[in-house]
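A look at the structure
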Amino acid sequence: MLYGRLDGLREQTSRRLAAVLLETGGTPQARSERDTATAMHTGHLAQYSAVENGLCFGRLDFTDGQHQHIGRLGIFDTEGDYEPLLMDWRAPAARPFYLATAANPDGVLRRRHVRTRRRDVVALDDEVLDLASAAPGRSEGLVGEATLLAAVSASRTGRMADIVATIQAEQDKIIRAELNGVLVVQGGPGTGKTAVALHRAAYLLYTHRRQLEKRGVLVVGPNATFLNYIGQVLPSLGETGVLLSTVGELYPGLKAVGTEPAEVAAVKGRLAMADALAAAVRDRQWVPREGLDLVHEQHELHLDRQTCADARGRARRSRRPHNQARPVFEREIIGALGKQVARKLGAQFLDADDVADIRRELREDPNVIAAIDKLWPVLTPEQLLTDLFGSAKRLGATSRALSKQDRDLLLREPGAEWTPADAPLLDEAAELLGEDDRAAKAAAAAKRRRDLAYAQGVLDILDLQDEADPDVLMAVDMLDADALVARVASGEYMTAAERAADDRTWTFGHVIVDEAQELSPMAWRVLMRRCPSRSMTVVGDIAQTGDLAGTTSWQEVLGPYVMNRWKLAELTVNYRTPSEIMAVATEVLANLDPSAVPPKSVRDAGTSPWHRQVADGELEAAVSAAIERELAEIGEGRLAVLAPRALVDRLSRGEEDLESPVVVLTVGQSKGLEFDAVLLVDPQGVLDESPRGLNDLYVALTRATQRLGVLHTGPLPEVLTGLAD
Ligand SMILES: Nc1ncnc2c1ncn2[C@@H]1O[C@H](COP(=O)(O)OP(=O)(O)OP(=O)(O)O)[C@@H](O)[C@H]1O
């Protein structure tokens, strides 16, 4: 019945969309309403196809004899009295589905989980919430245990799936937490932090749609692979208005593909870089000790040191960003030069118009422009950083913020590719420099003239073609070039997320940060600029911090922005890693932080993780053999080989992505991901590779949902002695 309704909705919306698209003409307001209707119907159609799988996944039977079905979207009985036939999982009335327990049934008599494949029901799991089943020790507070265990034990596909059918109570509280303020979600590996973050985005958009639709929601992840891994979840929940991005991609157009030593990235991530960049900008506002000579139309002119210093002082006191302060500087310099020229011509013979002419000629003289460019150059963020990192002398100007050692680390060959750690610096530089928007405005005006000419051309052609029948109303009768350009340029068809992706200064209604422990202080500055309302969800695990610039304390990163006004929520149950593997990982965690409490696994795998020592020359062969054995064990699933960077190329098996049966990755690349089986090669190498080697080892051990094997050539690191030979 519900699928029948869904088909009906789809058909009705298609018809409405077709009708709107056929309409033409009308007032500008009618046109704008039409555009809104088009966007709305298109959005609904996308949502209807997104919810096709698992449309209805639950049913609640209440003690008063009523019942309610729960699903991916709300469907109402439009013929009768508008009763909900299917309740959206995000609606308040659906909450008991996630929260009711035998001890606290909230009017629920029975909770049913419905599992479907395509449009067929394949399984039902019922929980009767009566006192008999509330006996202690029966289940550990898990809701819908059978369905949950089926979900967590299923083979992985290489893409993350949504968890709407089995959200657990501690997760539900976070997903539905209030919109405002900063909420930190701390939880061990596999506790569903990523899943919770994404479902929270869907929940917030549903509950605060009016508030959030305009500014959009941003979800930040650590790298493109991870974003690819989680990319399907929100569409499967029917939400398309969320921008998924790395911090680097928030700087439009940047391809941060370069690599660099971890220590260099660590320096770039430090807060001191903000002061260093401010100093680097000031350093470009030059006052030459001997002044500057220049020639203007046969007049030999001289800008003395004091004149330059005064002009610089004026421009700085304007408190505008560097490029926007340049017109102030220019006005001062032109004024000073104008006086010199006037004196040479005989000031007493000149009137105000002559003086204005002199100034204009000065402003247009390439020699004068070149002189001003030397003293106060217009700079792009890219130029500023390239010049700074390419010169020990320029780096010297930052010595108040950076030590000699830091500056030596930053020095690099010109032409090097941008790295992820450069992205927050470019963004910071863009803030300090501002845009000299005179050029941009002129370019925009020129573009508009071209667009208008083009639009007129299009309309002329349409007009010519239709000359045959003067009685038929044509596009040209209703649309002039102006309106055509406005319609295309207004971006009315774009969602907030699409517009935000191209705009460095866009501010979001809510920002969700995943793997937040990895972000450097400079990256936090970027995110805070994008979220002045400080409505944020910050998700991570400080025991998994691998980046040297990353954090080991939430207060440390958030304090500068919200002091202690942030809330902490914790997740304690591990849905990914079986207890046998978690026992090994717990040993590592205890070495990392003796006070840390490991998350509790929901299930046993029934097999023990293993290790094997092999001779160095036989490593490749041993890895291949182990891959074959493990693949035979996991059948449909995915396997990852995790190794130190130095070994990854040696072990790589050619083209592969997350959906391949086997991938070879560094531990850093595997962060946030999961696989049915994991082969960890050379754990000692992982430990030696970074000062945060223990954290990396902890991450590597907690990626598997079923099986874990460790291959090593040297002795087994002491923290892993719990493994079976
Ligand atoms: N309530 C749930 N029902 C079903 N599966 C769940 C639930 N919660 C989490 N999972 C599953 O557990 C796995 C781990 O979740 P997720 O990747 O969100 O954890 P995480 O806390 O982000 O882990 P890490 O810190 O290691 O990145 C995923 O496969 C997720 O689908």
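Computed from a predicted model, the values in this text were never measured in an experiment.

So, on to the overall build of the protein chain. Across its full length, the protein chain holds 31 helices and 21 strands. The C-alpha extent of the protein chain, read off along each of the three principal axes, is 110 × 85 × 50 Å. Counting the 725 residues in the protein chain, one finds 36% classified as buried. Counting contacts in the protein chain only where the partners sit at least 6 residues apart, residues at least 24 apart contribute 74% of the total.

Burial analysis of strand β2 (residues 67-71) places four of its five residues in the buried class, the great majority of the element. Sheet analysis places strand β1 (residues 56-62) next to β2, joined by five bridges and oriented antiparallel. Note that in β2 the partner of Gly58 across the bridge is Ile70. If you look at the hairpin formed by β1 and β2, you'll find four residues sitting between the two strands, and Gly65 has a positive phi there, around 90 degrees. With two bridges connecting them, β2 and strand β4 (residues 84-88) associate as parallel partners. Along β4, the bridge assignment pairs Gly71 with Asp88.

Another aspect to go through is the confidence of the model for the protein chain. Considering every residue of the protein chain, the mean pLDDT works out to 88; 93% of them sit at 70 or more. Across the protein chain, element-level confidence peaks in helix α11 (residues 272-283) with a mean pLDDT of 97 and bottoms out in helix α21 (residues 475-478) with 58. With pTM at 0.86, the complex prediction returns an ipTM value of 0.98.

Inspection of the region around the ligand gives 24 residues, with Pro189, Gly192, Lys193, Thr194 and Tyr575 positioned closest. For the shell around the ligand, the elements supplying multiple residues, two or more each, are α4 (145-153) and α6 (193-207). Here the shell around the ligand spans two domains, since at least three of its residues come from each of domain 2 (177-272 + 413-425 + 433-570) and domain 4 (579-720).

Once that is clear, we can look at the sheet that holds strand β13 (residues 536-540). In space, the six strands of this open sheet follow the order β9-β8-β12-β13-β7-β14, with parallel pairing throughout. Edge positions in the sheet fall to β9 (242-245) and β14 (566-571), since each has one partner strand and no second. Strand-to-strand twist in this sheet, taken as the mean axis angle between neighbours without regard to direction, amounts to 15 degrees. Note: strand β12 (residues 510-513) against β13, three bridges, orientation parallel.

Bringing the UniProt feature "binding site: ATP" (unreviewed entry) in the protein chain into the picture now. UniProt records the feature "binding site: ATP" (unreviewed entry) at Gly187, Gly188, Pro189, Gly190, Thr191, Gly192, Lys193 and Thr194, using the numbering of this structure. Residue position: Gly187 is located in strand β7 (residues 182-187). If sequence neighbours within four positions are ignored, Gly187 has contacts with Lys193, Asp541, Glu570, Leu571 and Pro599. In this structure, Lys193 sits in helix α6. Accessibility expressed as a C-beta count within 10 Å gives 23 for Lys193, which makes it buried.

What counts as what
Residues numbered from 1 in each chain as written. Predicted model: local features only at pLDDT ≥ 70, side-chain atom pairs only at ≥ 80, totals over all residues. Helix = DSSP H or I, 4+ residues; strand = E, 2+ residues; numbered from the N terminus. Buried ≥ 20, exposed ≤ 12 C-beta atoms within 10 Å, placed from the backbone. Contact = placed C-beta atoms within 7 Å. Pairing = 2+ DSSP bridges. pLDDT = per-residue confidence, 0-100. Near = placed C-beta within 6 Å. Domains from an automatic or database assignment. Axes fitted to C-alpha atoms, helices over the stretch in contact; angles between N-to-C directions. UniProt positions renumbered as here; feature names shortened; annotations may be inferred.

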